[in-house]
Amino acid sequence: MTTSTMSHAEYRLPHGHQSGEERGPSFRRAPFAAATYRELGFLLSGLPIAVAGFSFVVILFSAGLGLVVTMLGLPVLALLLSGARGFGALERNRARTLLATDVTAPAPVRPTREGFWGGVTARLADAAGWRAALYQVLMFPWTVLSFSVSLTFVITGWVVALYPLYHWVFARYTSWPGYRVFDFTKDGKHYEYYVTSPLQIATVSAIGLALVFLTPLLNRALANVHRLAVRGLLGAR
């Protein structure tokens, strides 16, 4: 089969090679590059999918084990593995679309015997299905962490960097002369600190800009763990 006729789903980069988008834009361009926001989209959109996938796997695995003595547990476990493959296909598609990471799907399950139980036993022997189920369990806490960290740093960076644009709001609509960093009383002494002077405002903005430029690197590190997991657990063997 020639490269020109190879389907998109079958295409795989050489081992150890990364596409230009997967390597990421330069440090200077990263905060404004489309690839950065596709990675962010992957990290943020993964949470509801991870919750659904983790719940599906845990509930059906528990039910399957509980019913296995009655033989009803085997079809439940087969359903679990079939559904896990579906979630795995969704993750491969998200990785290809948002992370520029193309992973070949595992071969479909082919029963060696006809009938209902032939399909069930074939599913239970499906290593790719078990790996897909394992992916949902292992990556659930990492997906929660990725969502929380990426969202926090992206919002914080831009809000702090743009502080000079809305500094005037505090003096006009509150009793504060500027943003209040802290205000407390200890041992009878009152301590307070507000961002008011031009130097303070510029320093705050510079800190925000530093976060804006560093956040894409952080998000790439978070996304790279997902890339490794998709390649290691959801691809063909």
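Cut-off values and rules
Residues numbered from 1 in each chain as written. Predicted model: local features only at pLDDT ≥ 70, side-chain atom pairs only at ≥ 80, totals over all residues. Heavy atoms only, no water. Helix = DSSP H or I, 4+ residues; strand = E, 2+ residues; numbered from the N terminus. Buried < 20%, exposed > 50% of the residue type's maximum accessible area, 1.4 Å probe, protein only. Contact = heavy atoms within 4.5 Å. Areas by Shrake-Rupley, 256 points an atom, 1.4 Å probe, with all protein chains shown as cover. Lys, Arg positive; Asp, Glu negative; His and termini not counted. Charge placed at Lys NZ, Arg CZ, Asp CG, Glu CD. UniProt positions renumbered as here; feature names shortened; annotations may be inferred. Core = buried A, V, L, I, M, F, W, Y, C linked by side-chain atoms within 4.5 Å.

The chain carries the name Putative sensor protein in an unreviewed UniProt entry, which gives Kitasatospora atroaurantiaca as its organism.

### Brief notes about the overall build of the chain
Along the chain, the regular secondary structure elements total eight helices and two strands. Starting at the N terminus and ending at the C terminus, the chain contains elements arranged as α-α-α-α-α-α-α-β-β-α. Buried residues in the chain amount to 35% of all 237 residues. Contacts spanning at least 24 positions in sequence make up 69% of the contacts within the chain whose residues lie at least 6 apart. For the chain, the computed accessible surface area is about 13500 Å², with 69% contributed by carbon and sulfur atoms. Of the charged side chains in the chain, 21 are positive and 11 negative; the average position of the first set lies 4 Å away from that of the second.

### Points about unusual backbone geometry
For residues that are not glycine, phi is negative in most cases, and the peptide bond is trans in most cases. Even without a glycine there, the phi angle at A100 is positive, about 55°. Among the structural elements, A100 can be located in the loop between α3 (73–98) and α4 (116–124). One non-glycine residue, D187, lies in positive phi territory at about 55°. Following the sequence through the fold, D187 ends up in the loop between β1 (179–186) and β2 (189–195). For D187, a relative accessible area of 71% translates into the label exposed.

### Considering the environment of L209
Turning to its location among the elements, L209 is positioned in helix α8 (residues 198–234). With relative accessibility at 40%, the residue L209 sits in the partly exposed group. The spatial distance from the C-alpha of L209 to the C-alpha of L162 is 8.5 Å, given a sequence separation of 47 residues.

### Digging into the UniProt feature "domain: Putative sensor" (unreviewed entry) in the chain
Feature annotation in UniProt places "domain: Putative sensor" (unreviewed entry) on residues 42–234, given in this structure's numbering. The span residues 42–234 shows a helical share of 74% and a strand share of 8%, and its end C-alpha atoms are spaced 16 Å apart.

### As for the nonpolar core
One finds L43, L80, L99, Y135, V230 and L234 to be the most contacted residues of the largest nonpolar core, which totals 21 residues. For this core, the secondary structure elements donating two or more residues are α2 (34–67), α3, α5 (127–161) and α8. By residue number, the principal contributor to this core is α8, which donates six residues.

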